[in-house]
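If you want the building blocks of each chain, they are given just below.
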Amino acid sequence: MSAVTASRPRIAVLISGSGSNLQALLDAGDLGGDVVLVASDNPDAGGLARASSAGVETAVVPFRDYADRAAWERALVERIAEAAPDLLVLAGFMKILTGAVVGRWPTVNVHPSLLPAFAGAHAPADALAWGVKLSGVTVHYVDEQVDHGPIIAQEAVAVEPDDTEATLHARIQAVEHRLLPAVVRDICAGRVSVRGRHVHVSPAPTQTQEAP
Ligand code: GRF
């Protein structure tokens, strides 16, 4: 996992859907880095309009325009590379990426469960079906296996007896919108280091009060 060393990292965010996590990043104040590109495989992703409203460049690389996955991924890599990012953030990006992307840039993902429980595209529904009392949010580095890389941050969300997939996912997303920007800020500040599966996050310096 290569480290992010730029003093003010350039951030590319990859989305497939509504982009509420992208919005949380855009609204989070100074992340210590700048969102310079929002890329999507889905031309109809709601997050593209959010990016445009914030004045962020967008790119759409539709899967169906390419002969196969490798050709699509090559085109995606080329488009992302034009923005020269230091960090990729997968925020609801629903396509699986291989080493062509994740070996090239440090990449983080936000996932709506406490990994390694409930990897995959239906985590809140799977948690409900299993009957767990706690689920939550994981922000992790991305490697070549799905929802698998070293875990940077996790937070639990209680499952309520009358939860539906929608109500549980909504409470999980409220946590995502806080946790993802916090992790991105830590990475941009150089506070995150990785050794194998183990991620260490140094505490942010506390503001010291000036003497009167
Ligand atoms: C989030 O719940 C995220 O954990 C999952 O996909 C969802 C994306 O939501 N990977 P949004 O597009 O950010 O609203």
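Our subject is the structure listed above.
Definitions and cut-offs
- Residues numbered from 1 in each chain as written.
- Predicted model: local features only at pLDDT ≥ 70, side-chain atom pairs only at ≥ 80, totals over all residues.
- Heavy atoms only, no water.
- Core = buried A, V, L, I, M, F, W, Y, C linked by side-chain atoms within 4.5 Å.
- Buried < 20%, exposed > 50% of the residue type's maximum accessible area, 1.4 Å probe, protein only.
- Helix = DSSP H or I, 4+ residues; strand = E, 2+ residues; numbered from the N terminus.
- Contact = heavy atoms within 4.5 Å.
- Near = heavy atom within 4 Å.
- Polar contact = N/O pair within 3.5 Å; in protein donor to acceptor, adjacent residues only side chain to side chain.
- Areas by Shrake-Rupley, 256 points an atom, 1.4 Å probe, with all protein chains shown as cover.

Asks: Which residues make up the nonpolar core, and what values do they have?
Replies: Grouped together as the largest cluster of nonpolar side chains are 39 residues, with contacts concentrated most on Ile-11, Val-13, Val-38, Val-89, Val-184 and Ile-187. It is helix α6 (residues 165-188) that provides the largest number of residues to this core, a total of 9 residues. Each residue touching Ile-187, except ones within four places of it in the same chain, is listed here: Val-4, Leu-87, Val-108, Tyr-141, Ile-152 and Val-192. Judged by nonpolar contacts, the second largest core, of 21 residues, contains Leu-90, Leu-97, Val-101 and Val-102.

Asks: I'd like to hear about the site of the ligand, residue by residue, with values.
Replies: Taken together, Gly-17, Ser-18, Gly-19, Ser-20, Asn-21, Gly-92, Val-110, His-111, Pro-112, His-169, Gln-173 and Glu-176 make up all the residues around the ligand. Between the ligand and Glu-176 there is a distance of 2.4 Å, counted from an oxygen atom to a side-chain nitrogen or oxygen. Coverage of the ligand by the protein chains reaches 88% of its 370 Å² of free accessible surface. Here the shell around the ligand gets 3 residues from one element, more than from any other, and that element is α6.

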